[in-house]
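Here is how the chains run, residue by residue.
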Amino acid sequence: MNKETAVIFDMDGVICHTNPYHSLAFREFFSARNLNPTDEDFAGHMFGKSNSYILSHFLGRPIIGEELLLLEEEKESLFRKIYAPHIQPIDGILKFITDLQHHGVKLGVATSAPSANLDLILSEVPIREKLGSILASEDVKKHKPDPEVYQTSAQNLGVTPEQCLVFEDSYSGISAALNAGMRVVGVLTSHTIEELPKCNLYIDDYKDLSFDKIKSLLFNP
């Protein structure tokens, strides 16, 4: 390679297909409060959103400060309990990450999820030692679609936004990467192509992906 490049992955729906388990956790959380969001509600107001947004939207009032911390921990503890026996990386991603590393690509993870969720997944998905930047919700002040988490990831990896390729599955996540000036691969685990902003490439999983197949996206046109 004649210049440094980086690939940054979101986590939920990108490294692992966690969203069905987040839905289960939120259903249990909201059911205890006599609320029953539909699948359409979750698709529009959960995937890729911060807990502050999700809780405020469904509870119908601003959830901030200490209350946000308490409610977020309640819901995320439910998620970790439900998901822990089912942790499995999306098909092909481990081989793909190893291939990127062998070709000198810098690697990072940038998620809107809390660090405890990220730690749970990285305890079972053996990629932590390959990552030059790991950012969770506690590490930024503004959440996706704000570009802060991707801008900070690029700084951590020592590259410019133009040198980064992001893998994202949600509207807000893709928007955050685009707002940061990065190219994006849309991972179709949670939404259809029509439901997402325009990406440079779309994939269902990583089984047929390699450095050679995406290298054109890793370099400026």
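Refer to the preceding data block for the structure.
Residues numbered from 1 in each chain as written. Predicted model: local features only at pLDDT ≥ 70, side-chain atom pairs only at ≥ 80, totals over all residues. Heavy atoms only, no water.

Enquirer: How should the sheet that holds strand 1 (residues 6-9) be read in this particular structure?
Expert: To summarise the sheet geometry, strands pair through backbone hydrogen bonds and adopt either a parallel or an antiparallel arrangement. Read across the sheet, six strands follow the order 3-2-1-4-5-6 without closing on themselves; strand pairing throughout is parallel. What marks the edges here is a single partner per strand, and that holds for strand 3 (133-135) and strand 6 (201-203). Pairs of neighbouring strands in the sheet enclose a mean axial angle of 20°, with direction left out of account. Sheet analysis places strand 4 (residues 164-168) next to strand 5 (residues 183-187), joined by four bridges and oriented parallel. Bridge pairing in strand 5 links Phe-167 to Val-185. (Pairing = 2+ DSSP bridges. Helix = DSSP H or I, 4+ residues; strand = E, 2+ residues; numbered from the N terminus. Axes fitted to C-alpha atoms, helices over the stretch in contact; angles between N-to-C directions.)

Enquirer: For this particular structure, what's the right way to read helix 6 (residues 115-122)?
Expert: Since there are 3.6 residues in each turn of an α-helix, residues three or four apart along the chain are aligned in direction. Restricting attention to buried positions, one finds in helix 6 the residues Asn-117, Leu-118, Leu-120, Ile-121 and Leu-122. Of the surrounding elements, those touching the buried residues of helix 6 are helix 1 (19-31), helix 4 (65-83), strand 2 (106-110) and strand 3. (Buried < 20%, exposed > 50% of the residue type's maximum accessible area, 1.4 Å probe, protein only. Contact = heavy atoms within 4.5 Å.)

Enquirer: Can you walk me through the packing of aromatic side chains in this structure?
Expert: Geometry of an aromatic ring pair is reported as the spacing of the ring centres plus the angle between the planes. Considering all chains together, one arrives at 14 aromatic pairs under this definition. Relative to Tyr-83, the ring of Tyr-21 lies with its centre 4.9 Å away and its plane at 50°, an arrangement referred to as tilted. With Tyr-21 in helix 1 and Tyr-83 in helix 4, this pair connects stretches of sequence that are 62 residues apart. On the basis of relative accessibility, which here comes to 1%, the residue Tyr-83 falls in the buried class. (Phe/Tyr/Trp six-rings, centres within 6.5 Å; stacked < 30°, edge-to-face > 60°.)

Enquirer: Please clarify how the nonpolar core should be interpreted in this entry.
Expert: One broad trend across soluble globular proteins is that nonpolar side chains are buried collectively. If you look at the biggest cluster of nonpolar residues, it comprises 51 residues, and the most contacted ones within it are Val-7, Phe-9, Ile-15, Leu-100, Phe-167 and Tyr-206. Sequence-distant contacts of Val-7, that is, excluding residues within four places in its chain, are made with Leu-100, Val-105, Lys-106, Leu-107, Gly-108, Leu-165, Phe-167, Ile-214 and Leu-218. Val-149, Val-159, Ala-176 and Cys-199 belong to the second-largest nonpolar core, a separate cluster that totals 20 residues. (Core = buried A, V, L, I, M, F, W, Y, C linked by side-chain atoms within 4.5 Å.)

Any link to function would need more than the numbers given here.
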